[in-house]
Amino acid sequence: MMLDFKIDKAIAATAYLIERKGGADDMFPLIKKIYYADRSALIRWGNSITGDSFASLEKGPIVSGIYDLMKGKGDEKDQIRWNNVIQRKEPYKIVVRKEPNKGVLSEREIEVLEESRTMIDAIRGSIPKWLHKHCPEWSDPGHSSSPIDPSTILRIAKKSEEEIRRLEEANEELRFLNYLLAAR
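**Overview of helix α4 (residues 76-85)**
Thought 1: Every buried residue belonging to α4 is among D78, Q79, W82 and V85, and all of these are buried. Summarising the axial view, the buried residues of α4 lie within an arc of 130°, below the 170-degree limit, and thus occupy one face. Every exposed residue of α4 that faces more than 90 degrees away from the buried side is listed here: E76, K77 and I80.
Thought 2: Buried-residue contacts for α4 involve α1 (7-20), α3 (64-70), β4 (86-89) and β5 (93-96).

Here it is in structure tokens:
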């Protein structure tokens, strides 16, 4: 199952979480908050907030496109838009440079982001250990990475194969429509 990456929502969601943390956040817990929010949205509604790809790293699951943007290694066009709003300070500190358009986020998306922020910020101890326990779609890729298919997350959440098939078709239609709109 492929989702459709939405750079505006990725920027808005990231900025929202950073602002809720007081204007700066460490890259590691921030990427985990976004992953957990996208995962929760996928289970609830069949589509994530950002449409980003999921991946397993040694220290837990991530949203890979946003992780690349945080490291300054994203798609060139997306990286320019990202850098206009979000900046990396010091080795691992992420800050908001400029107010993004948060109007692209729905109320329910903001609720899920807030739930994820509260959950991850409340973890006492190892965030990777907590994620390994609570995100069974994660598998240890060693010192590499491996993709996580959104359908795997849906199966773990006990969605039926018919429901997963319908969600895959709906997401494919949405990706095609977005492609057509972008071509105009």
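Picking up where we left off.
**Re the nonpolar core**
Thought 1: Counting residues in hydrophobic clusters, the biggest one holds 45 residues, and the most contacted among them are F54, I66, M70 and L113.
Thought 2: Considering each element in turn, this core owes the most residues, nine residues, to helix α2 (residues 27-45).
Thought 3: Not counting residues up to four positions away in its chain, the partners in contact with F54 are L3, Y35, D38, R39, L42, S48, I62, V63, P147, I148, P150 and I153.

**Considering the environment of M70**
Thought 1: Residue position: M70 is located in helix α3.
Thought 2: Under the relative-accessibility criterion, M70 is labelled buried at 2%.
Thought 3: When the C-alpha atoms of M70 and K32 are compared, they prove to be 13 Å apart, with 38 residues separating the residues in sequence.
Thought 4: For M70, the contacting residues outside a window of four places in its chain are T14, M27, L30, I31, I34, W82, R88 and I94.

**Points about the packing of α1 against α4**
Thought 1: Running from N to C, α1 and α4 point in directions that differ by 25°, and their axes come no closer than 10 Å. In this view, α1 runs roughly parallel relative to α4, as classed from their interaxial angle. In this structure, the crossing between α1 and α4 has a hand that is right-handed. Contacts from I7, D8, A10, I11 and T14 of α1 reach α4 at D78, R81, W82 and V85.
Thought 2: Along the lines of polarity and charge, the residues of the contact of α1 with α4 split into five nonpolar, one polar and three charged.

**Considering the sheet that holds strand β1 (residues 24-26)**
Thought 1: Strand order in the open sheet formed by three strands is β1-β5-β4, and the pairing between neighbours is antiparallel. The open sheet has two free edges, formed respectively by β1 and β4, since each of these has just one partner strand. Adjacent strand axes in the sheet meet at a mean angle of 30° when their direction is disregarded.
Thought 2: By the bridge criterion, four bridges tie β4 to β5 in an arrangement that is antiparallel.

Rules of the game
Residues numbered from 1 in each chain as written. Predicted model: local features only at pLDDT ≥ 70, side-chain atom pairs only at ≥ 80, totals over all residues. Heavy atoms only, no water. Buried < 20%, exposed > 50% of the residue type's maximum accessible area, 1.4 Å probe, protein only. Helix = DSSP H or I, 4+ residues; strand = E, 2+ residues; numbered from the N terminus. Arc of directions from axis to C-beta. Contact = heavy atoms within 4.5 Å. Core = buried A, V, L, I, M, F, W, Y, C linked by side-chain atoms within 4.5 Å. Axes fitted to C-alpha atoms, helices over the stretch in contact; angles between N-to-C directions. Parallel < 35°, antiparallel > 145°, perpendicular 65-115°, else oblique. Left-handed = near helix turned anticlockwise from the far one by under 90°. Nonpolar A, V, L, I, M, F, W, Y, C, P; charged D, E, K, R; others polar. Pairing = 2+ DSSP bridges.

The quantities given are spatial measurements derived from coordinates; they are silent on function.
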